[in-house]
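Architecture and fold: a report
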Protein chains: 2
Amino acid sequence: MIPELKYNDQGLIPTIVQEANTGEVLMLAYMNEESLKKTLELGKTCFWSRSRQEFWVKGLTSGNVQNVREILYDCDSDTLLVKVQQVGKGACHTGERTCFYRNIELA
Amino acid sequence: MIPELKYNDQGLIPTIVQEANTGEVLMLAYMNEESLKKTLELGKTCFWSRSRQEFWVKGLTSGNVQNVREILYDCDSDTLLVKVQQVGKGACHTGERTCFYRNIELA
């Protein structure tokens, strides 16, 4: 049973994806109600692509799927945290393991 | 020097906050360009409160500030990941250490 979640004015909820074993944050993507349902059905992350306006089972073509281990939601019920087992090379389309591979220099 | 980041149509960029030592994801909040500058100046997280429409130095009243250790940005330059040392009891206004303290039951 899915709790009452707050989707934004585009019907989306930001979803943090974290590697379950290492704690590494892999990416941020967006789900809608349907893609969350698909995620639960498949046991693999499914997002809503804002640029392509379609469902997007992560890694369906590349093989770099994300097997879902745990789904959490925050105190405001407007953000998801999905802990996954990342299959293959990584989460990022650039070939990096995580999308967060660049940093801002601190003063 | 701050890289070219992509802010959304409200001038905001979603910001994942992660405990640097443990890898625990604490919260998701939003920065605008000014609050990112303040974060860099202060060395503590500063967000833009969408509900109050004002700057919000996290923990300024409660003492539960977040000392910034690292700021990363993703491949699309539209999400930030800030690694922090969380001071005090935790990040969540409910008293929990992380805002993600509830989970959705998997099938």
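Residues numbered from 1 in each chain as written. Chains lettered and ligands numbered in written order. Predicted model: local features only at pLDDT ≥ 70, side-chain atom pairs only at ≥ 80, totals over all residues. Heavy atoms only, no water.

Here we come to unusual backbone geometry. All names here are of chain B. Positive phi is not limited to glycine here, since Gln53 has a value of about 55°. When you line up the elements, Gln53 lands in the loop between β3 (46-49) and β4 (54-57). The residue Ser77 is not glycine, and still its phi comes out positive at about 60°. Relative to the elements of secondary structure, Ser77 occurs in the loop between β5 (66-73) and β6 (80-86). In this structure Ser77 comes out as buried when scored by relative accessible area, which is 10%. (Helix = DSSP H or I, 4+ residues; strand = E, 2+ residues; numbered from the N terminus. Buried < 20%, exposed > 50% of the residue type's maximum accessible area, 1.4 Å probe, protein only.)

Residues and elements named next belong to chain A. Locating Asn64 in the fold gives a position in the loop between β4 (54-57) and β5 (66-73). By relative accessible area, Asn64 is classed as buried at 18%. A polar contact is formed between the side chain of Asn64 and the backbone oxygen of Gly90, at a distance of 3.4 Å. Excluding anything up to four places from it in sequence, Asn64 contacts Lys58, Gly59, Gln86, Val87, Gly88, Lys89 and Gly90. (Polar contact = N/O pair within 3.5 Å; in protein donor to acceptor, adjacent residues only side chain to side chain. Contact = heavy atoms within 4.5 Å.)

For the pair chain A and chain B, the best superposition has an RMSD of 0.0 Å and corresponds to a rotation of 180° with a translation of 0.0 Å parallel to the axis. With respect to symmetry, the two chain copies, as superposed, fit the operation of a two-fold axis. When C-alpha distances to the rotation axis are compared across chain A, the minimum falls at Gly23 of chain A, with a value of 2.6 Å. Of the interface residues in chain A, 100% have counterparts in chain B that sit at the interface too, so the contact is made through matching surfaces. (Least-squares fit on C-alpha atoms with pLDDT ≥ 70 in both.)

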